[in-house]
Amino acid sequence: LGDALAHRVGVSSDPEISTHEIDASDRFLILASDGIWEFITNEEAVMIAASCNSPDEAASKLVAEAHSRWVQEEDGIVDDITVVVIAFSHKS
């Protein structure tokens, strides 16, 4: 992030920082590269992950969906697609 060439076209290495206190309603966290977010909205990613039985399955489905959309939208060109899904376990 933030290399000289990319900086000229608007990429910045300055992070956007926000905080969120995890509570019982939070089921998982999706960390992903722009290869996921280019064609999958936040809402779609949550729906895909929520339909899965494990973080591994959620990550695999997100990668497969992003790859399919890249191929369809960009005539076979695919950006990097990286995703980590972390499931939360809330004990009462």
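A brief look at the structure comes next. (Residues numbered from 1 in each chain as written. Predicted model: local features only at pLDDT ≥ 70, side-chain atom pairs only at ≥ 80, totals over all residues. Heavy atoms only, no water.)

**As for the overall build of the protein**
- Helix and strand content of the protein: 4 helices and 2 strands.
- Each helix and strand of the protein, ordered N terminal to C terminal, gives the series α-β-α-α-α-β.
- Scaling as 2.2 N^0.38, a compact globule of 92 residues should have a C-alpha radius of gyration of about 12 Å, whereas the protein reaches 15 Å, well beyond that.
- Overall, the protein is about 50 × 30 × 20 Å in size when its C-alpha atoms are taken along their principal axes.
- The buried share of the protein, taken over its 92 residues, is 23%.
- For the protein, the share of sequence-separated contacts (at least 6 apart) that also reach a separation of at least 24 residues comes to 61%.
- When the accessible area of the protein is evaluated, it comes to approximately 6900 Å², of which 52% is carbon and sulfur surface.
- When the 5 positive and 18 negative side-chain charges of the protein are each reduced to one mean point, those points stand 8 Å apart. (Helix = DSSP H or I, 4+ residues; strand = E, 2+ residues; numbered from the N terminus. Rg over C-alpha atoms; globule rule 2.2 N^0.38 Å. Buried < 20%, exposed > 50% of the residue type's maximum accessible area, 1.4 Å probe, protein only. Contact = heavy atoms within 4.5 Å. Areas by Shrake-Rupley, 256 points an atom, 1.4 Å probe, with all protein chains shown as cover. Lys, Arg positive; Asp, Glu negative; His and termini not counted. Charge placed at Lys NZ, Arg CZ, Asp CG, Glu CD.)

**Topic: the pattern of salt bridges**
- If you walk through the whole model with that rule in mind, you get 3 salt bridges.
- Between Arg-69 and Glu-44 there is a salt bridge; the shortest N-O distance is 3.0 Å. With Arg-69 in helix H4 (residues 55–73) and Glu-44 in helix H3 (residues 42–50), this pair connects stretches of sequence that are 25 residues apart.
- Under the relative-accessibility criterion, Glu-44 is labelled partly exposed at 27%.
- Glu-57 serves as the salt-bridge partner of Lys-61, at 3.5 Å between the closest nitrogen and oxygen. On the criterion of helical spacing, the pair formed by Lys-61 and Glu-57 is a turn pair, its members being 4 residues apart in helix H4.
- Classification of Lys-61 as partly exposed rests on a relative accessible area of 39%.
- For Glu-57, a relative accessible area of 26% puts it in the partly exposed group.
- When salt bridges that share partners are traced, they join Glu-44, Glu-65 and Arg-69 into one network. (Salt bridge = Lys/Arg side-chain N within 4 Å of Asp/Glu carboxyl O.)

**Section: a nonpolar patch on the surface**
- Side chains of Leu-29, Leu-31, Val-84 and Ile-86 sit close together on the surface and give an oily, nonpolar patch of about 300 Å² of accessible area.
- When contributions to the nonpolar patch are tallied by element, the ones reaching two or more residues are strand E1 (28–32) and strand E2 (83–87).
- When you line up the elements, Val-84 lands in strand E2.
- You can call Val-84 partly exposed: its relative accessible area is 41%. (Patch = residues over 30% accessible without salt bridge, like charges linked within 9 Å, V, L, I, M, F, W, Y side chains within 5 Å.)

That's the geometry; what it means functionally is another story.
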